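So the chains spell out like this:
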Amino acid sequence: MAELAGAVGIFDSGLGGLTALLAMEELCPEADIIYFGDTARVPYGSREDPELRVFARQNLQLLQCRGAAGAIAACGTISSLLSRAPLERPPLPVTGITRAAAAAAVGTGARRIGVLATAATVRNRGFLAEIQQLEPGARVFFSACPGFVPLAEAGVNDPEHPELKRAVEQYLPPLLEQRPEAIILGCTHYPLLREAIERLTGDIPLIDAGREAAAEYCRRVKPRGSGRRQYLVSGDPQGFCAAAEKLLGRRMPLPERADPGKAERG
Ligand code: DGL
């Protein structure tokens, strides 16, 4: 497949980064996009920081080999880690989702901000640092939601699905007790489950972190191209397509299989 020189690379552990891709398509339809879902290694949120840093470098290397000129880490787990300790000499300039999401949350006027995220993101506190840099008086409350990513990856987003219902009822109430005025969906998979989450959050503004990052990238980089797409996954291409179709309600082209470990070695 042809390389997309000047393209924007978007990566995530799986389907979640498609939320950033959809925003990019809407805001900057001419951008050439290379999407990589690291589905052979999903979930990222239960992994340790050193391993996540290796994955981040390998994924960027893969996108660079395919012709990307810049990248969005459309993954809260990687972004919040890199926002605290950026990669040394990354293969590509990389934009995370934490800064843009923090700015959007603070921009609502909220001073009590909730963050729904993976266990790794809750642990590394990247969102806390970004929010308090913008608004030192802000209070930030976290809830780790380890059950959400496997459900989204399986194509489950029906709010009536018993496992999703159970997960939402487990993760949301402790956060809502803190009376957040805005909630960051700090993992890019979570907007795919928005309907189920909104049943409990009601009219509290929900910040879609991947969307905010794509908007920020479009404003800053103004990517040009001819709207070309390249989809890559490290796991099962059919499984990715089937789950994406269920969640997004649209047909996806079959992605190519790619090995990010090999990209780094090559
Ligand atoms: N969508 C990613 C995130 O934003 C990864 C979640 C995971 O793989 O656990 O954190």
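Provided above is the structure to which this section pertains.
I will try to describe carefully the structure that is included in this document. None of the values given here were measured: they were computed from a predicted structure.

### Considerations on the environment of K165
Mapped onto the elements, K165 comes out in helix α8 (residues 162-176). For K165 and I197, which are 32 residues apart along the polypeptide, the C-alpha to C-alpha distance reads 9.0 Å.

### Some details on the pattern of salt bridges
For the structure shown, the criterion picks out 15 salt bridges. The closest approach of N and O atoms between R250 and E25, which form a salt bridge, is 3.2 Å. With a gap of 225 residues between them, R250 in the loop between α11 (237-248) and β10 (256-257) and E25 in helix α1 (residues 18-27) connect regions that are remote in the sequence. We note a salt bridge from R47 to E51, for which the minimum N-O separation is 3.1 Å. For E51, a relative accessible area of 33% translates into the label partly exposed.

### A few points about the packing of aromatic side chains
Counted by the stated rule, this structure contains five aromatic pairs. Judged by centre distance (5.1 Å) and plane angle (85 degrees), the rings of F148 and Y190 are edge-to-face. Linking F148 in helix α7 (residues 148-153) with Y190 in the loop between β7 (182-185) and α9 (194-201), this pair joins segments that are 42 residues apart in sequence. You'll find F148 and Y190 in the same group, each marked buried. The ring centre of F55 lies 3.8 Å from the NZ or CZ of R41, which sits over that ring.

### Considering the site of the ligand
Taken together, 14 residues form the shell around the ligand, and within it S13, Y44, G76, T77 and H189 come nearest. At 2.9 Å from a nitrogen atom of the ligand is found a side-chain nitrogen or oxygen belonging to D12. Between an oxygen atom of the ligand and a main-chain N or O atom of T188, the distance comes to 2.9 Å. Summarising the interface, the protein chains cover 99% of the accessible area of the ligand, which totals 300 Å² for the free molecule. Given that more than half its atoms are within 2 Å of the pocket grid, the ligand belongs to the largest cavity.

### Here's the deal with the environment of C187
As for its position among the elements, C187 is in the loop between β7 and α9. The spacing of C187 and E26 is 161 residues in sequence and 20 Å in space, taken between C-alpha atoms. Not counting residues within four places of it along the chain, the set of residues in contact with C187 comprises L116, A117, T118 and V149.

### Structural notes on the nonpolar core
Of all hydrophobic cores here, the largest spans 47 residues; its most connected members are I10, L18, M24, I131 and I184. Contact partners of I131, with chain neighbours within four places excluded, come to A102, V106, I113, V115, A138, V140 and I184.

### Side note on the packing of α1 against helix α10 (residues 209-221)
As a packed pair, α1 and α10 sit with axes 8 Å apart at the nearest point and diverge in direction by 40 degrees. By the angle class used here, α1 and α10 are oblique. Relative to α10, α1 is oriented so that their crossing is right-handed. Together, T19, A20, A23, M24, E26 and L27 of α1 and G210, R211, A214, A215, Y217 and C218 of α10 make up the contact between the two elements. Residue classes in the contact of α1 with α10 are distributed as eight nonpolar, two polar and two charged.

Cut-offs and rules
- Residues numbered from 1 in each chain as written.
- Predicted model: local features only at pLDDT ≥ 70, side-chain atom pairs only at ≥ 80, totals over all residues.
- Heavy atoms only, no water.
- Helix = DSSP H or I, 4+ residues; strand = E, 2+ residues; numbered from the N terminus.
- Salt bridge = Lys/Arg side-chain N within 4 Å of Asp/Glu carboxyl O.
- Buried < 20%, exposed > 50% of the residue type's maximum accessible area, 1.4 Å probe, protein only.
- Phe/Tyr/Trp six-rings, centres within 6.5 Å; stacked < 30°, edge-to-face > 60°.
- Lys NZ or Arg CZ within 6 Å of the ring centre and 35° of its normal.
- Near = heavy atom within 4 Å.
- Polar contact = N/O pair within 3.5 Å; in protein donor to acceptor, adjacent residues only side chain to side chain.
- Areas by Shrake-Rupley, 256 points an atom, 1.4 Å probe, with all protein chains shown as cover.
- 1 Å grid on protein atoms, 1.4 Å probe; cavity = no way out; pocket = protein on both sides within 12 Å on 5 of 7 lines; lining within 4 Å.
- Sits in = over half its atoms within 2 Å of the grid points.
- Contact = heavy atoms within 4.5 Å.
- Core = buried A, V, L, I, M, F, W, Y, C linked by side-chain atoms within 4.5 Å.
- Axes fitted to C-alpha atoms, helices over the stretch in contact; angles between N-to-C directions.
- Parallel < 35°, antiparallel > 145°, perpendicular 65-115°, else oblique.
- Left-handed = near helix turned anticlockwise from the far one by under 90°.
- Nonpolar A, V, L, I, M, F, W, Y, C, P; charged D, E, K, R; others polar.

Keep in mind these values describe shape, not function.
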